[in-house]
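Here is what each chain is made of, one letter per residue.
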Amino acid sequence: MSVQVRTRFAPSPTGYMHIGNLRTALYAYLIARAMNGKFILRIEDTDQERLVEGSVEVIYNTLKLVGLEHDEGPDIGGPFGPYIQSQRKDVYKEWAEKLIAAGGAYYCFCSKEKLESLRKEAEGKDAVFKYQDPCRELDPAEAQKRAVTGEPCVVRQKIPRGGSTTFNDMVYGSVTVENDTLEDGILLKSDGLPTYNFANVVDDHLMQISHVIRGSEYLSSAPKYNLIYQALGWVIPAYIHLPLIMKAAGKKLSKREGDASFEDFYHQGYLNEAIVNYIALLGWNPKDDREIFSLDELKKIFNISGLNNSPAIFDPDKLKWMNGEYIRKLAPEQFKQLAMPYYQKAIKRTDIDLLKLSKLVQLRTEVLSDIPGIVDFIDTLPEYDVSLYVNKKMKTDPAISLESLKLALVVLGNLEIWKHETIHDALFGLIETQGLKTGQMLWPVRTALSGKESSPGGAIDLAEVLGKEETLGRITAGIELLSKPS
RNA sequence: GUCCCCAUCGACUAGCGGUUAGGUCACCACUCUUUCAAGGUGGCGGCACGGGUUCGAAUCCCGUUGGGGACGCCA
């Protein structure tokens, strides 16, 4: 039996693309691709109150940015459309009526206010409100009559009394729940739109979704959905529930708690490839020791058996490391392109060879937003203390440094051609003739040029990038600083 | 409160009855080196606890503890 594998990503347009959501999308996509199936995008906008304008675009943009191309969806259509739930109202109504006819649901005429007050009352008793709906016992024919005449009502699921429901999950195995712990949840709201509980079942069936992939927060309600499938005589899809991604300290990863959306990371200077790679490994592993995977590679090797079932904590440190790996792999020109906006923030001078600079900065960048801090000395020499010239390992102190700088100033001043090689030869010539330790010359020069404890490159690199004039100026400034009586 | 799920280094994880419990991040040391990075080498560090089952348990079962989730006219 070879049924077409079809997976879907079904986000609600309620804001930004959460990292956990993205990972769900990634896995759904990878499972589809690995099994030669289709990946469908469906927008679950049945809660009109939570809609956030522009969030559908965020979803499209994010998926596009990270390369998760869908085969069917609102924007590109497909044989099972519409793919936006708010446009499928009639479909849900039709199936709700069929479900009622099949004995799997009933009309409920209880008011929202009544339920709310009952719920509030229960809260005080340290127990959770479980509603015994009198409408469940209504005569179906009469109930239907009332509904048809326009009396406000909802449709509730009719959970069988007694017994238990078991379902199988490809990650969690077999899960059994006593029916009596389940509630007669609302399937169709009074505004005629379905709740998730109903819409996802109807759409997954109608859109022929073979593998339902979603976060494990749905694990405990999955039996309810199965009851609907059964009542309607539908084939139950394969379930793949995913462990949740948490923040440190056992807190759920959320927008409130910090930077948990894809956009945030993206704007901070994380590369989308690195983000995808990192989250792919949060809850899945390839069974070997490799960790760096492109999306194309993942498409080939992703398999459900590598899925993990315990919650994972999102580790920003490891993401950072991985991002650094991706940055280092970039071609220098590519890096320069990506770094450009950050250079523009920190460097106003126009005489800097940014490609040369990039070669120095690239190795030292983990996140693109590090860049301004790395190159902040380029435009203007920071004020620094004489103590920077003291370095035990380099065997330098202010006195030696002063001598070295004076010598360097002359030799470099005489240089006709200003490039790495000539600067190198000039300085090393000096080191040899003066019998200096390498560091005794190079450390003072590097310090004078950067005014910083550490810099993206050594003395020669910095001199080359800064240019002759600026180099001589900064060395002169260093000499002045060191000549001042302390 | 009720129900469901989970449990290997600080973090991500490999392990699926017999391993010196492996890898990666982080951390530390050393090394390379004209700083810092990057690279190389090494180190630190773990099977939550208690019972079983078994010749033998990280691995199987039960309980405890801890963590997470669900219990909305949210998804």
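Residues numbered from 1 in each chain as written. Chains lettered and ligands numbered in written order. Predicted model: local features only at pLDDT ≥ 70, side-chain atom pairs only at ≥ 80, totals over all residues. Heavy atoms only, no water.

**Q** Break down the overall build of chain A for me, with residues and values.
**A** A count of helices and strands for chain A gives 19 helices and twelve strands. Across its three principal directions, the C-alpha atoms of chain A cover 105 × 55 × 35 Å. Residues counted as buried form 49% of the 486 residues belonging to chain A. When contacts within chain A are restricted to residue pairs at least 6 apart in sequence, long-range pairs at least 24 apart make up 74% of them. Across chain A, 58 positive and 66 negative side-chain charges occur, with their mean positions spaced 2 Å apart. (Helix = DSSP H or I, 4+ residues; strand = E, 2+ residues; numbered from the N terminus. Buried < 20%, exposed > 50% of the residue type's maximum accessible area, 1.4 Å probe, protein only. Contact = heavy atoms within 4.5 Å. Lys, Arg positive; Asp, Glu negative; His and termini not counted. Charge placed at Lys NZ, Arg CZ, Asp CG, Glu CD.)

**Q** Go over the environment of K224, please, and point to the residues and values.
**A** Examined against the element boundaries, K224 turns out to sit in helix α7 (residues 222-232). Not counting residues up to four positions away in its chain, the partners in contact with K224 are Q157, I159, L182 and E183.

**Q** Account for the nonpolar core, naming residues and giving values.
**A** With 100 residues, the main nonpolar core has L68, Y343, L357, V375 and L412 as its most contacted residues. In terms of residue count, helix α1 (residues 19-34) provides more of this core than any other element does, ten residues in total. When neighbours within four sequence positions are excluded, L357 is seen to be in contact with Y343, I347, I352, V375, I378 and V465. Counting 47 residues, the second largest nonpolar core, distinct from the first, contains L99, F109, A222 and W234. (Core = buried A, V, L, I, M, F, W, Y, C linked by side-chain atoms within 4.5 Å.)

**Q** A description of the protein's contact with RNA strand B should follow, citing residues and the corresponding values.
**A** Contacts to RNA strand B come from 64 residues, most closely from T46, K189, N285, E291 and G457. Taking Y218, its side chain carries an N or O atom lying 3.0 Å from a base nitrogen of RNA strand B. Note that a sugar or linking oxygen of RNA strand B is positioned 2.3 Å from one of the side-chain N or O atoms of E291. Secondary structure elements with two or more residues in the surface near RNA strand B: α4 (112-123), β6 (173-178), β12 (312-313), α11 (316-329), α17 (438-450) and α18 (459-466). Looking at the surface near RNA strand B element by element, the count peaks at five residues for α11. Split by residue class, the surface near RNA strand B holds 23 nonpolar, 19 polar and 22 charged. (Near = heavy atom within 4 Å. Polar contact = N/O pair within 3.5 Å; in protein donor to acceptor, adjacent residues only side chain to side chain. Nonpolar A, V, L, I, M, F, W, Y, C, P; charged D, E, K, R; others polar.)

**Q** Can you tell me about helix α19 (residues 468-483), naming the residues and giving the values?
**A** Across its 16 residues, α19 extends 22 Å between first and last C-alpha, which sits within 8% of the 22 Å expected from 1.5 Å per residue. All buried positions along α19 are accounted for by T471, L472, R474, I475, G478, I479, L481 and L482. Structurally, α19 contributes buried residues whose contacts are with α15 (398-413), α17 and α18. (Expected span 1.5 Å × (residues − 1).)

**Q** With reference to specific residues and values, describe the packing of aromatic side chains.
**A** Applying the stated criterion across every chain, the model contains 14 aromatic pairs. Centre to centre, the rings of Y27 and F302 are 5.1 Å apart; their planes meet at 40 degrees, and the pair counts as tilted. Remark: F302 occurs in the loop between α10 (295-301) and β12 and Y27 occurs in helix α1; sequence separation between them is 275 residues. Across this residue pair, the class does not change: Y27 and F302 are buried. Plain terms: the ring middles of Y384 and Y389 are 5.7 Å apart, the flat faces sit at 55 degrees to each other, and that makes the pair tilted. Neither residue differs from the other here; Y384 and Y389 are each classed as buried. (Phe/Tyr/Trp six-rings, centres within 6.5 Å; stacked < 30°, edge-to-face > 60°.)

**Q** Help me get a handle on the packing of α15 against α17, residues and values and all.
**A** Packed helices, taken two at a time, are described by the angle their axes make and the gap between the axes. With their axes 9 Å apart at the nearest point, α15 and α17 run at an angle of 80 degrees to one another. Here α17 runs roughly perpendicular to α15, going by the angle between their axes. Between α15 and α17, the contacting residues are I400, S401, S404, L405, L407 and A408 on the first element and Q440, M441, P444, V445 and A448 on the second. Grouping the amino acids of the contact of α15 with α17 by side-chain chemistry returns eight nonpolar, three polar and no charged. (Axes fitted to C-alpha atoms, helices over the stretch in contact; angles between N-to-C directions. Parallel < 35°, antiparallel > 145°, perpendicular 65-115°, else oblique.)

**Q** Please give an account of the packing of helix α13 (residues 354-362) against α18 that cites residues and values.
**A** Where α13 contacts α18, the two axes come as close as 9 Å, and the packing angle between them is 150 degrees. Regarding the angle of α13 to α18, the classification is roughly antiparallel. α18 is crossed by α13, and the crossing has left-handed handedness. Counted together, K356, L357 and L360 of α13 and D461, E464 and V465 of α18 form the full contact between these two elements. By residue class, the composition of the contact of α13 with α18 is three nonpolar, no polar and three charged. (Left-handed = near helix turned anticlockwise from the far one by under 90°.)

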